Amino acid sequence: NKSGHGLFPLLLQQYCQHLRLPPLGGGALLTVSATRAEVTAAAAPVDLPLFPICKTVIGAGNPYFDINFCLAALNSDNESQYADDYQKLAIIAVDLLTANATSTSAQIGNLLKKQDNIEGPMRWCLQACQALYGSILQMQPRCSDLVKEFRYGEAKSCLDQAAREAEQCEAEFVRRHVASPLTVEDGCAFKLAKLASALLQHADD
């Protein structure tokens, strides 16, 4: 499940596909509204040691993701069971974001190849998203290094930029009134960036 392999964990991908994500655009925030049954069907058995961590990260209420997403994301990487602090879990979240961006970038490339005859808004949107995910992938090594070097303020800024890039991808489709084929991927990327950032807020506790 390492980002270096370019593989986005299947379990997390399945979980994301069960989320009902509202369209982005105009600064709208991604939220999670999966039902208990959908979460049970898509997520692995809850790893209890991670529950208090995710509960702390959510706090009084997180506008970007809920506790189920936190658990599904962290449980999708086996190394979470060996992570004993928030910084190490943030590194895992950053790796998951890199894997998501790698997979999504490849998916966009495949869509453009398979749809050579498509012109106009859809192609423009896909090309814009290709550039946006390329930007995320360029930033990710720095985001990861900043977390590992305990430079949390800079790391959170880096991750917030990655979240904005994913949000902008979805906004391109909204702006051009085209049905997005990347809603699931954009939603996961956005929330993974916010999860990593939220974990860093508690790394010094």
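Calculation criteria
- Residues numbered from 1 in each chain as written.
- Predicted model: local features only at pLDDT ≥ 70, side-chain atom pairs only at ≥ 80, totals over all residues.
- Heavy atoms only, no water.
- Helix = DSSP H or I, 4+ residues; strand = E, 2+ residues; numbered from the N terminus.
- Contact = heavy atoms within 4.5 Å.
- Expected span 1.5 Å × (residues − 1).
- Polar contact = N/O pair within 3.5 Å; in protein donor to acceptor, adjacent residues only side chain to side chain.
- Salt bridge = Lys/Arg side-chain N within 4 Å of Asp/Glu carboxyl O.
- Buried < 20%, exposed > 50% of the residue type's maximum accessible area, 1.4 Å probe, protein only.
- Arc of directions from axis to C-beta.

Which residues make up the side chain of T104, and what values go with them?
Along the chain, the position of T104 falls in helix α5 (residues 86-114). If we skip the residues at most four places from it in the chain, T104 touches Y133, L182 and E185.

Run through α5, naming residues and quoting values.
Counted at 1.5 Å a residue, the expected span for α5 with its 29 residues is 42 Å, and the 42 Å between its end C-alpha atoms agrees. Its side-chain oxygen at 3.1 Å from the backbone nitrogen of Q87, D85 defines the N-terminal cap of α5.

Which residues make up the pattern of salt bridges, and what values go with them?
A full pass over the atoms with the stated rule returns 6 salt bridges. The shortest N-O distance in the salt bridge between E154 and R142 comes to 3.4 Å. With E154 in helix α7 (residues 152-175) and R142 in helix α6 (residues 121-148), the pair connects residues that are 12 residues apart, well separated along the chain. For R142, a relative accessible area of 47% puts it in the partly exposed group. E172 is the partner of R176 in a salt bridge, and the nearest nitrogen-oxygen pair spans 3.9 Å. Its relative accessible area of 30% is what places R176 among the partly exposed residues. Residue classification places E172 among the buried residues on the basis of a relative accessible area of 9%. Because the salt bridges share partners, they merge into one network encompassing R142, E149, R151 and E154.

Summarise helix α3 (residues 50-58); cite the residues concerned and give the values.
Every buried residue of α3 is listed here: L50, I53, C54, V57 and I58. Seen along its axis, α3 keeps its buried residues to an arc of 135 degrees; they face one direction. Those residues of α3 that are buried are in contact with α4 (67-75), α5 and α8 (183-201). Positive backbone phi, approximately 60 degrees, marks G59, located one or two places after α3.

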